[in-house]
Amino acid sequence: MHASVKGMYDLLPGSAGGSVELRQRLERCSAEIFETFGYREIRTPLLEEKALFVKSIGDETDIVTKEMFAFRDRGGRDVALRPEGTAPIVRAYLEANLHKTAPFQKFYYIGPMFRAERPQAGRMRQFHQIGAEAIGSHDPAIDAEMILLMMTVLDASRLKGQTLRLNNLGCRSDKARLSKKLKELFSGKKALLCEDCRKRLETNPLRVIDCKKENCRSVVRGALASLEFLCPNCAGHFSVVRKYLDLAGVQYVIDPYIVRGLDYYTGTVFEVSHPDLGAQDALGAGGRYDNLVSDLGGPSLGAVGFALGVERMLIAAAKQGATAFAGKTPPPVFIATLGEEARKKGFELVNALRSVGVACEMDYEGKSLKAQMRKADDMCAPLVVIVGDDELKSGSAVIRDMKSKEQSSIKMDEVVDFMEERVKRKT
Ligand code: HAM
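Residues numbered from 1 in each chain as written. Predicted model: local features only at pLDDT ≥ 70, side-chain atom pairs only at ≥ 80, totals over all residues. Heavy atoms only, no water.

J.: Can you help me understand the overall build of the protein in this one?
T.: A count of helices and strands for the protein gives 17 helices and 16 strands. Each principal axis of the C-alpha distribution contributes one length, and for the protein these read about 90 × 50 × 45 Å. Of note, the protein has its 63 positive side-chain charges centred 5 Å away from the centre of its 57 negative side-chain charges. (Helix = DSSP H or I, 4+ residues; strand = E, 2+ residues; numbered from the N terminus. Lys, Arg positive; Asp, Glu negative; His and termini not counted. Charge placed at Lys NZ, Arg CZ, Asp CG, Glu CD.)

Shown next as structure tokens:
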């Protein structure tokens, strides 16, 4: 027997392991919201050149140094399973020349991402993100739209108690200024920092702010709140984003400690966390990445996006008993047959019912009539159509109401209309 690879999980139908149905509902509902907001779906390959991620996420980040599933393929190319969706989408945008033909694009995506992190609750090596990217605009209104979109998807999942944290990292020169300041501030306190943060202080001081270790946090705390490092342009942008959010009634807190673990961010950054998630409490996150398009060889274009973690949304929803995605698919009508000829008629009925949209099942395991009835019961089928040789001869079928246990006879050629009518009445 083989087991799935560490940190990667099967998603089975029904309640066994992960429930695919729940995800399908979440995905459909999100897709509808995205489309209402004018976003269109984009699908990029799971495998990309490794260099794409090194260049965009940053060669000193945890994702690139520790977490990528990267390998050399048979052609000697260095490739990696995508750890996130933003860089591949910008690559696809440029490769399709959209920057020349239709520079403003709004995309959404739903799919698996891969990070070789230490698995724990809410952290897996193959996980799924629902995300959106708007490329080709510096307008603060699009930052606000993106945040509103993310919160709308969460609201639709009936999650409650999440907190949206907002910050602005400034443009590239603001970030450089902040990094320099932080380096000066923390250099005298190096001994208090963890080993990773001592290194980060040299390579990427901003990342020290993000460290979850208590010692590092106490060094960082207080240091940032007093720092004024935004240029007038970035400060202005930030205040307009906030005005738009206020107009839309979005609740948020300003948090100068949100710096994000990917280097491409500039300007607006945000994270949404949920109290029921424990250590891995980020439901989703995003922000602007105004230099990424040009860093990857395109023109200078503004861009902003977010991604929500599907597994974390489902964990939080389950803890809260949130029901938006928990509705059951209607149980199927069951066609039970007895005898070879009746089975053929049953097969015909199943197809006729399905073609008018009535969910329908039959036996494929050669079970006895009694066992078929048991199976119908297990499936919670409300009605069973019974077809045997006698029924075939008389051109009728028996309909059994599984709840009341009442049985009645119906003409064979009326079964489809009867069932369709019953199902429609229920919906
Ligand atoms: P991120 O913060 O790295 O951002 O990931 C977004 C979300 O994905 C997290 O908040 C979390 O819910 C989920 N997630 C990340 N890693 C794992 C994991 N190992 N297991 C389970 N869930 C996980 C990005 O990926 C950016 N591309 C977001 C973005 C889009 N920024 C701009 N556009």
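J.: Mind showing me how you'd approach the nonpolar core here?
T.: Generally speaking, soluble globular proteins have nonpolar side chains that are buried together. Core analysis: the largest hydrophobic core is formed by 51 residues, its most contacted members being Y93, I135, F186 and L193. Considering each element in turn, this core owes the most residues, six residues, to helix α4 (residues 86–95). The residues contacting F186, other than those within four sequence positions of it, are L193, L201, V208, V219, V220 and A223. If you look at the next biggest cluster of nonpolar residues, it comprises 39 residues, including M146, I147, F270 and M313. (Core = buried A, V, L, I, M, F, W, Y, C linked by side-chain atoms within 4.5 Å. Buried < 20%, exposed > 50% of the residue type's maximum accessible area, 1.4 Å probe, protein only. Contact = heavy atoms within 4.5 Å.)

J.: Would you mind going over helix α6 (residues 140–156) with me for this structure?
T.: Structural remark: α-helix, 3.6 residues per turn; residues separated by three or four positions point the same way. Here α6 spans 24 Å end to end across 17 residues, near enough to the 24 Å set by a 1.5 Å rise per residue. Listed in full, the buried residues belonging to α6 are P140, I142, D143, A144, M146, I147, L149, M150, M151, V153 and L154. The N-cap of α6, judged by a side-chain oxygen 2.8 Å from the amide nitrogen of A141 a few residues on, is D139. Remark: R158 follows α6 within two positions and exhibits a positive phi of approximately 60°. (Expected span 1.5 Å × (residues − 1). Polar contact = N/O pair within 3.5 Å; in protein donor to acceptor, adjacent residues only side chain to side chain.)

J.: It is not clear to me how the packing of aromatic side chains should be interpreted in this structure. Could you clarify?
T.: Between two aromatic rings, the relevant description is the distance of the centres plus the angle of the planes. Enumeration over the complete set of coordinates arrives at four aromatic pairs. When the centroid spacing of 4.7 Å and the interplanar angle of 15° are considered together, the rings of F34 and Y108 count as stacked. On the criterion of sequence distance, the pair formed by F34 in helix α1 (residues 20–36) and Y108 in strand β5 (residues 105–114) is long-range, its members being 74 residues apart. You'll find F34 and Y108 in the same group, each marked buried. Feature note: the residues F34, Y108 and F306 constitute an aromatic cluster, connected by ring pairs. (Phe/Tyr/Trp six-rings, centres within 6.5 Å; stacked < 30°, edge-to-face > 60°.)

J.: Teacher, can you tell me more about helix α14 (residues 340–355) here?
T.: Spanning 16 residues, α14 covers 23 Å between terminal C-alpha atoms, matching the ideal 22 Å at 1.5 Å per step. All buried positions along α14 are accounted for by A342, G346, L349, V350 and L353. Take α14 and look down its axis: the buried residues cluster within an arc of 105°, on one side only. Exposed positions of α14 whose direction lies more than 90 degrees from the buried face are E340 and S355. Trailing α14 by a residue or two, G357 shows a phi angle of about 85°, which is positive. (Arc of directions from axis to C-beta.)

J.: Please clarify how the layout of surface pockets should be interpreted in this entry.
T.: In this structure, the second largest pocket occupies an estimated 420 Å³ of space. K175, N204, D263, Y264 and Y265 are, among the 26 residues lining the second largest pocket, the residues nearest its centre. Within the residue set of the lining of the second largest pocket, elements represented by two or more residues are α2 (50–57), α7 (172–187), α9 (206–209) and α12 (292–295). For the lining of the second largest pocket, the element with the most residues is α7, which contributes four residues. (1 Å grid on protein atoms, 1.4 Å probe; cavity = no way out; pocket = protein on both sides within 12 Å on 5 of 7 lines; lining within 4 Å. Points joined across faces, edges and corners; volume = space filled by probe spheres on them.)

J.: For this particular structure, what's the right way to read a nonpolar patch on the surface?
T.: Residues V240, Y244 and L247 make up a contiguous nonpolar surface patch of about 290 Å² in total accessible area. You can see Y244 is positioned in helix α11 (residues 232–247). We classify Y244 as partly exposed; its relative accessible area is 35%. (Patch = residues over 30% accessible without salt bridge, like charges linked within 9 Å, V, L, I, M, F, W, Y side chains within 5 Å. Areas by Shrake-Rupley, 256 points an atom, 1.4 Å probe, with all protein chains shown as cover. Salt bridge = Lys/Arg side-chain N within 4 Å of Asp/Glu carboxyl O.)

J.: Please clarify how the pattern of salt bridges should be interpreted in this entry.
T.: Under the criterion given, the structure shown has 28 salt bridges. The salt bridge involving E95 is made with R91; its shortest N-O contact spans 2.7 Å. Linking E95 with R91, this pair stays in helix α4, spanning four residues, or about one helical turn. Taken together, the salt bridges that share partners define one network made up of D62, K66, D196, R200, R207, D210 and K212.

J.: Could you clarify how one ought to interpret the pairing of strand β11 (residues 303–309) in this entry?
T.: Of all the seven residues making up β11, seven are buried; the element is thus mostly covered by neighbouring parts of the structure. Residue alternation in β11 divides its side chains into two sets, A303, G305, A307 and G309 and V304, F306 and L308, and both sets are buried. Pairing of strand β6 (residues 126–135) with β11 involves seven bridges; the strand directions are antiparallel. By the bridge assignment for β11, G131 is matched with A307. Taken together, the five bridges between strand β10 (residues 282–288) and β11 define a ladder with antiparallel strand orientation. (Pairing = 2+ DSSP bridges.)

J.: Looking at this structure, how should I read the packing of α6 against α11?
T.: Packed helices, taken two at a time, are described by the angle between their axes plus the distance between the axes. Interhelical geometry of α6 versus α11 gives an angle of 45° and a closest axis separation of 8 Å. The angle between α6 and α11 falls in the class oblique. Seen along the crossing, α6 lies across α11 with a hand that is right-handed. Facing P140, A141, D143, A144 and I147 of α6, the residues of α11 in contact are H237, V240, V241, Y244 and L245. Among the residues making up the contact of α6 with α11, the classes are represented as eight nonpolar, one polar and one charged. (Axes fitted to C-alpha atoms, helices over the stretch in contact; angles between N-to-C directions. Parallel < 35°, antiparallel > 145°, perpendicular 65-115°, else oblique. Left-handed = near helix turned anticlockwise from the far one by under 90°. Nonpolar A, V, L, I, M, F, W, Y, C, P; charged D, E, K, R; others polar.)

J.: Looking at this structure, how should I read the sheet that holds strand β13 (residues 360–362)?
T.: The sheet built from five strands is open, its strands ordered β13-β12-β14-β15-β16 with mixed pairing. Unpaired on one side and paired on the other, β13 and β16 (407–411) mark the two borders of the sheet. In this sheet, adjacent strand axes meet at a mean angle of 30° when their direction is disregarded. Pairing between strand β12 (residues 333–337) and strand β14 (residues 383–387): four bridges, direction parallel. Residue pairing across strands places I335 opposite V385, the latter belonging to β14. Along the sheet, α14 contacts β12, β13 and β14; its crossing angle with β13, the most-contacted strand, is approximately 160°.

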